[in-house]
Amino acid sequence: MEILSVENLTKRYEKFTLKDVSFSLEKGYIMGFIGRNGAGKTTTLKSMMRLVHPEGGKVTVFGMDFAEHELECKQKIGFMLGGVDFYPKKKLRTIVEVTHRFYSEWDDAEYQRLMQRFELDPEKKVDELSAGMRVKFSLALALSHHAQLLILDEPTSGLDPVSRDELLLLFQDLIEDGEHSILFSTHIISDLEKCADFITYIKDGEILTRADKDSFIDSYRLVSGTTNLLKDDLKKKIIGLREHKFGFEGMIQKSDVAKATGLEIAPADLENIMIHIERE
Amino acid sequence: MKNLLYKEFKLAVHPTTYIFLALCAMMLIPSYPGYAEFMYVCLSIFFVFLAGRENKDVFYTVLLPVRKRDVVKARCLMIAIIELVQIGLSVPFAILSNRISPDHGNMAGIDLNVAFFGFVFGFLSVFNIVFFPIFYRTAQKVGLALAFGGTAILLYYALVEMLVWIPSPISTFLDTNSTDMMVKHLPILLAGILIWIFTWILTYRRSATNFEKVDI
């Protein structure tokens with residue numbers, strides 16, 4: 001069942017345009033939204049949530065038009081930019097005391113359970129929490145009102161590798177029940193390799209690819225060879241070509257492998273794919 | 001709306017707002033401009049918005065399942081309550097001040113009479129209608145809103161004090177704490193209250209319209 005659908009989302013700024021962004025997410029999956037800094041990830045997520053005003057496009061959440069049913073949709077969505085960074089001098093207890101009032105399905109028992117599971121002390125102030133704990137507090141808030149769709153912007157940025165891993169395992173735990181879905185943006189590619197089912201790739205405000213992670217990775221190959229092997233027709237096919245004094249290296253589509261005779265061919269990983277695409 | 005108002009008082013209100021309520025005792029300062037206390041009120045309103053910006057209040061609030069217009073309405077209601085409480089607390093101190101020195105009045109401006117409180121409602125109305133819509137054009141530039149709001153109330157202050165300082169039939173009945181003038185003072189109070197209510201409606205509408213257009 002489709003839990004989120006974004007169609008032709010467009011937002012124009014003076015120096016940047018989000019062009020016809022479209023993608024969708026099924027129930028029970030994790031989608032990684034990737035792109036380099038400034039590619040339009042946050043603008044897309046903010047446009048989806050109508051924090052900024054898109055010029056065009058439609059966002060459907062749980063079968064409802066978000067623009068028409070914003071309040072109902074928000075009841076079922078947990079949205080966060082990084083971790084909690086509002087009201088840093090307030091205790092978690094105070095923030096929860098206020099926040100829970102706005103959600104019809106707030107589950108206090110679930111909230112207590114999550115606070116214990118994440119080892120969060122409600123008497124602590126927000127700015128006493130580490131970056132990882134802030135993300136966990138955001139998740140605790142979202143899951144306590146039974147948000148089924150989590151939209152997370154760079155949740156792992158600024159976290160140490162252990163905290164990142166912990167969080168990614170948590171994401172996987174969450175979707176296991178088949179009821180939750182997660183869309184999270186990141187530029188930390190290793191996060192996606194660990195837990196994303198689907199990849200949506202954005203570059204300069206345009207969606208480059210929407211695919212399941214494995215076939216996306218499998219659709220590219222890394223190639224390298226000496227300069228004399230770099231023919232013109234091959235050159236056109238190479239993505240992110242870099243020539244150096246010993247030869248060249250780059251990436252090609254799997255379908256172009258036949259043209260790469262004599263070259264060293266190796267499987268690509270997400271990080272290499274991103275680096276080569278962005279080098280173009 | 002009840003929940004948003006709860007949020008305003010639980011999270012958004014700045015401690016100076018409560019501390020400045022104690023400035024109602026400024027009414028007791030002999031021969032002191034009565035409007036000074038209400039300038040502090042405007043300052044405490046500015047602090048609420050400034051702290052809100054630093055605490056990312058707007059971002060927190062608009063992500064809740066609430067309408068953007070209601071976010072503005074709750075803030076307007078919260079500030080309106082504070083203004084009313086401040087005026088309400090000032091009234092007994094003004095009465096006490098007049099009792100302490102019934103013959104001398106206020107040498108530094110209008111006497112603390114019923115008409116004065118009518119002008120205070122006007123004073124706050126001017127600040128509200130300038131400050132709020134300017135802030136909600138960006139939901140960020142709180143300093144700009146204060147610059148314009150502050151200038152507007154200073155001009156208003158100069159204007160209403162001129163009515164007292166320039167000798168005229170108006171100044172005669174305005175600048176007295178005699179209860180005999182109550183008949184002339186009461187309509188000014190009533191007009192002030194009506195203007196305050198009317199400008200709050202206008203302030204809310206303009207601010208909400210501006211806020212709905214803001215990209216956060």
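Given the structure is predicted, the values throughout are model-derived calculations rather than measurements.

Student: Just checking my understanding: could you explain the overall build of chain A for this structure?
Tutor: In terms of regular secondary structure, chain A is built from ten helices and 14 strands. When its C-alpha atoms are laid out on the principal axes, chain A stretches across 70 × 40 × 35 Å. For chain A, buried positions account for 39% of its 280 residues.

Student: How do you make sense of the overall build of chain B when you look at a structure like this?
Tutor: Scanning chain B for helices and strands turns up nine helices and zero strands. Counted from the first residue to the last, chain B has its helices and strands arranged as α-α-α-α-α-α-α-α-α. For 216 residues, the compact-globule estimate of 2.2 N^0.38 gives 17 Å, and the C-alpha radius of gyration of chain B, at 18 Å, lies within 12% of that figure. Structurally, chain B occupies a C-alpha span of about 55 × 30 × 25 Å along its principal axes. Restricting the contact set of chain B to residue pairs at least 6 apart, pairs at least 24 apart contribute 81%.

Student: What should I look at first to understand the pairing of strand 3 (residues 30–34) of chain A in this one?
Tutor: Two faces belong to every sheet, and in a regular strand the side chains alternate between them. All names here are of chain A. By the criterion of burial, strand 3 is predominantly enclosed, with five of the five residues buried. Here strand 3 shows no split at all, with I30, G32 and I34 on one side and M31 and F33 on the other all buried. Here five bridges tie strand 3 to strand 8 (residues 181–186), and the two strands are oriented parallel to one another. By the bridge assignment, F33 is partnered in strand 8 with S185. Pairing of strand 3 with strand 9 (residues 198–203), which is carried by four bridges, proceeds in the parallel orientation. Opposite I34, over in strand 9, you have Y201 as the bridge partner.

Student: Help me understand the interface of chain A and chain B, please; the structure alone is not making it clear to me.
Tutor: Interface size is commonly expressed as the accessible surface area that is lost when the partners come together. The partner chain B presents 17 residues to the 17 residues of chain A that form the contact. Sorting the residues of the side of chain A that touches chain B by element identifies helix 2 (70–75) and helix 3 (92–99) of chain A as the ones contributing at least two each.

Student: It is not clear to me how the packing of helix 3 of chain A against helix 1 (residues 2–12) of chain B should be interpreted in this structure. Could you clarify?
Tutor: The relative placement of two packed helices comes down to the angle between their axes together with the axis-to-axis distance. As a packed pair, helix 3 of chain A and helix 1 of chain B sit with axes 9 Å apart at the nearest point and diverge in direction by 170°. Judged on the interaxial angle alone, helix 1 of chain B and helix 3 of chain A are roughly antiparallel. Contacts between helix 3 of chain A and helix 1 of chain B involve A:T94, A:E97 and A:V98 from the first element and B:Y6, B:K7, B:K10 and B:L11 from the second. Among the residues forming the contact of helix 3 of chain A with helix 1 of chain B, the class breakdown is three nonpolar, one polar and three charged.

Student: Just to check I follow, could you spell out the confidence of the model for chain B for this structure?
Tutor: Reading predicted coordinates in detail is not appropriate for stretches of low pLDDT. All names here are of chain B. Considering every residue of chain B, the mean pLDDT works out to 90; 99% of them sit at 70 or more. The element-level mean pLDDT for chain B is lowest in helix 8 (residues 169–174), coming to 74, with helix 6 (residues 114–138) highest at 95. With a pTM of 0.85, the predicted complex shows an ipTM of 0.83.

Student: How should I be thinking about the nonpolar core in this particular structure?
Tutor: Nonpolar side chains tend toward joint burial in soluble globular proteins. Counting 135 residues, the largest nonpolar core has B:V120, B:F123, B:F131 and B:F135 as the members making the most contacts within it. Broken down by element, the residue count for this core peaks at 18 residues, all from helix 6 of chain B. Two domains each donate at least three residues to this core, and these are domain 1 (2–214) and domain 2 (219–279) of chain A. Aside from chain neighbours lying at most four places away, what touches B:F135 is B:F49, B:K141, B:V142 and B:A145.

Student: Sorry if this is basic, but what is going on with the sheet that holds strand 14 (residues 264–267) of chain A here?
Tutor: Hydrogen bonding along the main chain pairs the strands of a sheet, whether they run parallel or antiparallel. All names here are of chain A. Ordered by their spatial adjacency, four strands build an open sheet running 12-13-11-14, and the pairing between neighbours is antiparallel. Since the sheet does not close on itself, it has two edges, and those belong to strand 12 (239–244) and strand 14, each with one partner. Across the sheet, the axes of successive neighbouring strands diverge by a mean angle of 20°, strand direction being ignored. For strand 11 (residues 220–225) and strand 14, the ladder comprises four bridges, and the chain directions are antiparallel. Within strand 14, the residue paired with R221 across the bridge is P267. Along the sheet, helix 10 (residues 270–279) contacts strand 11, strand 12 and strand 13 (247–253); its crossing angle with strand 12, the most-contacted strand, is approximately 85°.

Student: Teacher, can you tell me more about the domain arrangement of chain A here?
Tutor: What the domain assignment reports for chain A is domain 1 (2–214) and domain 2 (219–279). With three residues, helix 7 (residues 189–195) of chain A is the single largest residue contributor to the side of domain 1 of chain A that touches domain 2 of chain A.

Student: What exactly am I supposed to notice about the environment of B:Y156 here?
Tutor: All names here are of chain B. Positionally, Y156 belongs in helix 7 (residues 142–165). Here the alpha-carbon distance between Y156 and F119, two residues 37 residues apart in the chain, equals 9.4 Å. What Y156 contacts, discounting residues up to four positions off in sequence, is G122, F123 and V126.

Student: For this particular structure, what's the right way to read the environment of B:E37?
Tutor: All names here are of chain B. Note on placement: E37 falls in helix 3 (residues 36–54). Residue classification places E37 among the buried residues on the basis of 23 C-beta atoms within 10 Å. Note: C-alpha distance between E37 and F20 (17 residues apart in sequence) is 8.4 Å. For E37, the residues in contact, after removing those within four places along its chain, are L23, C24, M26, M27 and S90.

Student: For this particular structure, what's the right way to read the packing of helix 6 of chain B against helix 7 of chain B?
Tutor: All names here are of chain B. Between helix 6 and helix 7, the shortest axis-to-axis distance is 8 Å and the interhelical angle comes to 155°. Taken together, the axes of helix 6 and helix 7 lie roughly antiparallel to each other. Considering the relative orientation of helix 6 and helix 7, their crossing is right-handed. Across the interface between the two elements, F119, G122, F123, V126, F127, V130, F131, I134 and F135 of helix 6 pack against V142, L144, A145, L146, F148, G149, A152, I153, Y156, Y157 and V160 of helix 7.

Student: How should I be thinking about the environment of A:L18 in this particular structure?
Tutor: Residue and element names in this part refer to chain A. Relative to the helices and strands, L18 is located in strand 2 (residues 17–26). Each C-alpha atom of the pair L18 and L230 lies 36 Å from the other, and the pair is 212 residues apart in sequence. Once residues lying within four places of it in the same chain are set aside, the contact partners of L18 are L9, T10, K11, G40, T43, T44, S47 and G205.

Criteria and thresholds
Residues numbered from 1 in each chain as written. Chains lettered and ligands numbered in written order. Predicted model: local features only at pLDDT ≥ 70, side-chain atom pairs only at ≥ 80, totals over all residues. Helix = DSSP H or I, 4+ residues; strand = E, 2+ residues; numbered from the N terminus. Buried ≥ 20, exposed ≤ 12 C-beta atoms within 10 Å, placed from the backbone. Rg over C-alpha atoms; globule rule 2.2 N^0.38 Å. Contact = placed C-beta atoms within 7 Å. Pairing = 2+ DSSP bridges. Axes fitted to C-alpha atoms, helices over the stretch in contact; angles between N-to-C directions. Parallel < 35°, antiparallel > 145°, perpendicular 65-115°, else oblique. Nonpolar A, V, L, I, M, F, W, Y, C, P; charged D, E, K, R; others polar. pLDDT = per-residue confidence, 0-100. Core = buried A, V, L, I, M, F, W, Y, C linked by C-beta atoms within 7 Å. Domains from an automatic or database assignment. Left-handed = near helix turned anticlockwise from the far one by under 90°.

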